[in-house]
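Below, each chain spelled out in residue letters.
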Amino acid sequence: MLTRSALIYLSRQEGLKEFAAKFAPFRKLTTRFIAGENVEQAVKAIREINGRGCTATFDHLNESVNSAAETETEVREYLDVLARIDEMGIDSNVSIKLTQFGLEIEPELAYRNARRIVEEATRRGNFVRIDMEGSKVTQVTIDIFRRLRDEFGLNDVGIVLQSYLYRTLDDARELLNLPARIRLCKGAYDEPAEVAYPEKRDVDENYVRVMQLLLSSGVYHGIATHDPKMIDATIDFAQREGLSKEAFEFQMLYGIRRDLQEQLARDGYGMRIYVPYGKHWYPYFMRRLAERPANIWFVLKNFLKG
Ligand SMILES: Cc1cc2nc3c(=O)[nH]c(=O)nc-3n(C[C@H](O)[C@H](O)[C@H](O)COP(=O)(O)OP(=O)(O)OC[C@H]3O[C@@H](n4cnc5c(N)ncnc54)[C@H](O)[C@@H]3O)c2cc1C
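Residues numbered from 1 in each chain as written. Predicted model: local features only at pLDDT ≥ 70, side-chain atom pairs only at ≥ 80, totals over all residues. Heavy atoms only, no water.

Student: Let's hear about the overall build of the protein chain: which residues, and what values?
Tutor: For the protein chain, the helix and strand inventory stands at 13 helices and eight strands. A compact globule built from 306 residues should have a C-alpha radius of gyration of about 19 Å, and the protein chain, at 18 Å, falls within 12% of that. Based on the C-alpha atoms only, the size of the protein chain along its principal axes is roughly 55 × 45 × 40 Å. Expressed as a percentage of its 306 residues, the buried residues of the protein chain come to 55%. Summarising the internal contacts of the protein chain: among those between residues at least 6 apart in sequence, 73% fall at separations of at least 24. Total accessible area computed for the protein chain in this model is approximately 13,900 Å², and 52% of it derives from carbon and sulfur atoms. (Helix = DSSP H or I, 4+ residues; strand = E, 2+ residues; numbered from the N terminus. Rg over C-alpha atoms; globule rule 2.2 N^0.38 Å. Buried < 20%, exposed > 50% of the residue type's maximum accessible area, 1.4 Å probe, protein only. Contact = heavy atoms within 4.5 Å. Areas by Shrake-Rupley, 256 points an atom, 1.4 Å probe, with all protein chains shown as cover.)

Following this line, the structure appears as structure tokens:
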């Protein structure tokens, strides 16, 4: 747990990125979790994912952007991605982070930027998922999502909820009243016990509780996890409730449990792969290291080998 917190702390230290980028074992490991530094590499990865019977979602890596000009670059990147999805005929939607669009500069800026992406996705018949970040921005992220959802349709824009937060069951109930399409994940940030379950067992129990609520709602949701226990609980519940395999989709991260991704796709479940790409890979990459101690040992082993 301490290691996890330390790595998540380090994930926020951009200064370390330069060092990490030059350190070969780091770079080698990043290629496992990150599709590349440019959009062409992400498109190539998604073609291959589509070829394996899975759909995808693009994530242009960047977060906590603190200049308005840079948020404009992010918007253009996503408008370009939406155009490429159509031109290339690939099966993918897009995932965005509001801090990438200026949430920490001015929430109204993030709203306006996100709105431009959702408007374009709607025009193209595509879909935008708003990722969920740290608990300091949970409420404002939900507020901006609600504004967008008021204006756009159920199949134009969706949001993410994290089962480690105490508030999530209530948030899910409220959002389902809109209704809203929700991606359920466990949560990747380092949160204090005042807002989040410290024990994995409680996070998992809450995951199952919220998953059941989502699946009972009749809306198409994303069940995002690599945890076989969560996956089995989802399949069991869906079967007990007589839900079809098309009623929801599973989602996993690029480079994690590819065997399970392919197995579920072969079994006829929708499987969407989250494909991160871009130059600002450092915080995302560190969160992936934090999730699995074996990943850190891999880096250390390579370091000791020289
Ligand atoms: C599609 C998708 C979108 C996501 N979006 C968000 C978001 O918007 N906000 C947010 O806070 N979090 C997001 N997450 C991350 C999520 O919150 C978890 O941190 C992450 O998925 C690990 O949790 P888990 O459900 O896989 O279960 P865990 O209990 O953490 O892991 C279960 C098993 O999965 C495998 N595994 C998990 N992580 C790794 C890893 N890094 N490397 C290797 N193996 C691993 C291991 O075999 C592990 O035993 C997303 C996850 C997915 C799959």
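Student: Could you give an account of the site of the ligand, naming the residues involved and the relevant values?
Tutor: As a structural note, the neighbourhood of the ligand is formed by 26 residues, with Gly187, Lys200, Thr225, His226 and Glu291 the closest of them. One nitrogen or oxygen atom from the side chain of Thr225 is found 2.7 Å from an oxygen atom belonging to the ligand. At 2.6 Å, a side-chain N or O of Glu291 approaches an oxygen atom of the ligand. Surface burial for the ligand is 88%, taken as the share of its 930 Å² of free accessible area covered by protein chains. Secondary-structure elements contributing two or more residues to the shell around the ligand are α3 (24–33), β4 (157–162), β5 (181–185), β7 (248–253) and α12 (282–291). Its residues assigned to classes, the shell around the ligand shows eleven nonpolar, six polar and nine charged. (Near = heavy atom within 4 Å. Polar contact = N/O pair within 3.5 Å; in protein donor to acceptor, adjacent residues only side chain to side chain. Nonpolar A, V, L, I, M, F, W, Y, C, P; charged D, E, K, R; others polar.)

Student: Help me get a handle on the packing of aromatic side chains, residues and values and all.
Tutor: The description of an aromatic ring pair rests on the distance of the ring centres and on the angle between the ring planes. Counted under the stated rule, the structure contains ten aromatic pairs. With centroids separated by 5.8 Å and ring planes inclined at 85°, the aromatic side chains of Trp281 and Phe285 adopt a geometry described as edge-to-face. Accessibility classification places Trp281 together with Phe285 in one group, the buried group. Within the aromatic cluster, the residues linked to one another by ring pairs are Phe33, Trp281, Tyr282 and Phe285. Note that Arg181 overlies the ring of Phe127, its terminal NZ or CZ placed 4.0 Å from the centroid. Sitting over the face of the ring of Tyr269, Lys245 holds its NZ or CZ atom 5.1 Å from the ring centroid. (Phe/Tyr/Trp six-rings, centres within 6.5 Å; stacked < 30°, edge-to-face > 60°. Lys NZ or Arg CZ within 6 Å of the ring centre and 35° of its normal.)

Student: I'd love a proper account of α12, names of residues and values included.
Tutor: Of all ten residues in α12, nine are buried; the element is thus mostly enclosed. Looking only at α12, the buried set comprises Tyr282, Pro283, Tyr284, Phe285, Met286, Arg287, Arg288, Leu289 and Ala290.

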